[in-house]
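Take a look at the letters that make up each chain.
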Amino acid sequence: MRIRPTPSAAEADAQSLRLQIIGELCDGDHVGSAEGLAKRFEVSIPTIRQAMRILESEGLVAARPGNSGGFFASTPAVRVVSRSASALLRRQGAHIVDLVGCAELIGPEVAALAATNPDESARQRFASYVDELWADETDITVETIIDITVAVTQLLTDLCDSPVLALFGSVLSHLIIDLQPAVAAIAPDQLTTYTEQLRDGHKLLASAISKGNAAQARRAEISLNIYFMAQSPLLTKQ
């Protein structure tokens, strides 16, 4: 039987404060001073400072100096959380082809949810932005394709109005950027074909979303994933 390791005093205090911050406090609310928190938890000030460093690294508290300072509640930024998750997955050997498997699972649902967003103007802005991204098709490179893919992914997950999927989409976007060197050199003719397919797929997706057609948006996203998977021979593991 696996026994869970006993947390240190600092970890235990951090967990208590973590639950309070998430469940009870708003951004900017005063969590306490080092002295006050040490008294509250009946531990030393160095132990509290260690606990607060844990929470600071998670983006849950911010320290302010001065007589009216102390520790204040905050909300972790999605980009910070997703960057850390991306680094962890990269460290564990994640490969760009692995992203396709994840995209196949969540991509169609994200697209469908984006198409059912009740904010029609937001859906129209997404379609217009996709057109802008593909407006200049000269000198297309692998880097350009990745930049466009990341931009579309981030906008799509924002539009689906799901915090969980938005975070997953952000993690995938950071992974795509981090794993960019794993993309093999693509011959000009292959790159041209891939660019055309990706452009057409993005425009079909944008059109479906602008019309509020969830089924069509889901099919467009599935087609994009199928085509990307077909290009797996162009990708190489490092």
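Above this text sits the structure in question.
Heads up: these notes are all about the structure in this document. (Residues numbered from 1 in each chain as written. Predicted model: local features only at pLDDT ≥ 70, side-chain atom pairs only at ≥ 80, totals over all residues. Heavy atoms only, no water.)

## Some details on the side chain of Gln20
At step 1: Relative to the helices and strands, Gln20 resides in helix α1 (residues 9-24).
At step 2: Those residues in contact with Gln20, other than ones at most four positions away along the chain, are Leu25 and Arg40. (Helix = DSSP H or I, 4+ residues; strand = E, 2+ residues; numbered from the N terminus. Contact = heavy atoms within 4.5 Å.)

## A short note on α1
At step 1: Between its terminal C-alpha atoms α1 stretches 22 Å, which fits the 22 Å expected from 16 residues at 1.5 Å a residue.
At step 2: Check the buried side of α1 and you find it contacts β1 (30-32), α2 (34-41), α3 (45-57), β2 (61-64) and β3 (70-73). (Expected span 1.5 Å × (residues − 1).)

## A few points about the packing of helix α6 (residues 120-133) against helix α7 (residues 142-159)
At step 1: Running from N to C, α6 and α7 point in directions that differ by 180 degrees, and their axes come no closer than 11 Å. With respect to α7, the axis of α6 lies roughly antiparallel. Residues Ala122, Arg123, Phe126, Tyr129, Val130 and Leu133 of α6 form the contact with α7, whose own contacting residues are Ile148, Ala151, Val152, Leu155, Leu156 and Leu159.
At step 2: In the contact of α6 with α7, the residues fall into eleven nonpolar, no polar and one charged. (Axes fitted to C-alpha atoms, helices over the stretch in contact; angles between N-to-C directions. Parallel < 35°, antiparallel > 145°, perpendicular 65-115°, else oblique. Nonpolar A, V, L, I, M, F, W, Y, C, P; charged D, E, K, R; others polar.)

## A few points about the sheet that holds β3
At step 1: A sheet is described by the order of its strands in space; here three strands give the open sequence β1-β3-β2, paired in antiparallel fashion. At either margin of the open sheet sits one strand with a lone partner, and together these are β1 and β2. Across the sheet, the axes of successive neighbouring strands diverge by a mean angle of 40 degrees, strand direction being ignored.
At step 2: Direction of pairing for β1 relative to β3: antiparallel, over a ladder of two bridges. Opposite Gly32, over in β3, you have Phe71 as the bridge partner. (Pairing = 2+ DSSP bridges.)

## Describing the pairing of β3
At step 1: Relative to β3, β2 runs antiparallel, the two being bridged by four bridges. The partner of Val61 across the bridge, within β3, is Ala73.

## A word on the packing of aromatic side chains
At step 1: On inspection of all chains with the given rule, the structure shows zero aromatic pairs.
At step 2: Here the guanidinium or amino end of Arg64 rests over the ring plane of Phe72, the centre of that ring lying 3.9 Å away. (Phe/Tyr/Trp six-rings, centres within 6.5 Å; stacked < 30°, edge-to-face > 60°. Lys NZ or Arg CZ within 6 Å of the ring centre and 35° of its normal.)

## With respect to α3
At step 1: Taking 1.5 Å as the rise per residue, α3 with 13 residues should run 18 Å; its terminal C-alpha atoms sit 18 Å apart, in good agreement.
At step 2: All of the buried residues in α3 are Thr47, Ile48, Ala51, Met52 and Leu55. For α3, the arc enclosing every buried residue in end-on projection is 135 degrees, short of the 170-degree limit, so these residues lie on one face. Every exposed residue of α3 that faces more than 90 degrees away from the buried side is listed here: Pro46, Arg53 and Ser57.
At step 3: Contacts made by the buried residues of α3 are with α1, β1, α2, β2 and β3.
At step 4: Where α3 terminates, the next one or two residues include Gly59, which has phi positive at roughly 80 degrees. (Buried < 20%, exposed > 50% of the residue type's maximum accessible area, 1.4 Å probe, protein only. Arc of directions from axis to C-beta.)

## With respect to the nonpolar core
At step 1: With 37 residues, the main nonpolar core has Phe126, Leu156, Leu205, Ile209 and Ala217 as its most contacted residues.
At step 2: Secondary-structure elements contributing two or more residues to this core are α5 (96-115), α6, α7, α8 (163-178), α9 (188-211) and α10 (214-230).
At step 3: No other element matches the eight residues that α7 contributes to this core.
At step 4: Contacts of Leu156, omitting those with residues within four sequence positions, involve Val110, Ala111, Ala114, Phe126, Leu205, Ile209 and Glu221.
At step 5: Leu17, Ile48, Leu60 and Phe71 belong to the second-largest nonpolar core, a separate cluster that totals 17 residues. (Core = buried A, V, L, I, M, F, W, Y, C linked by side-chain atoms within 4.5 Å.)

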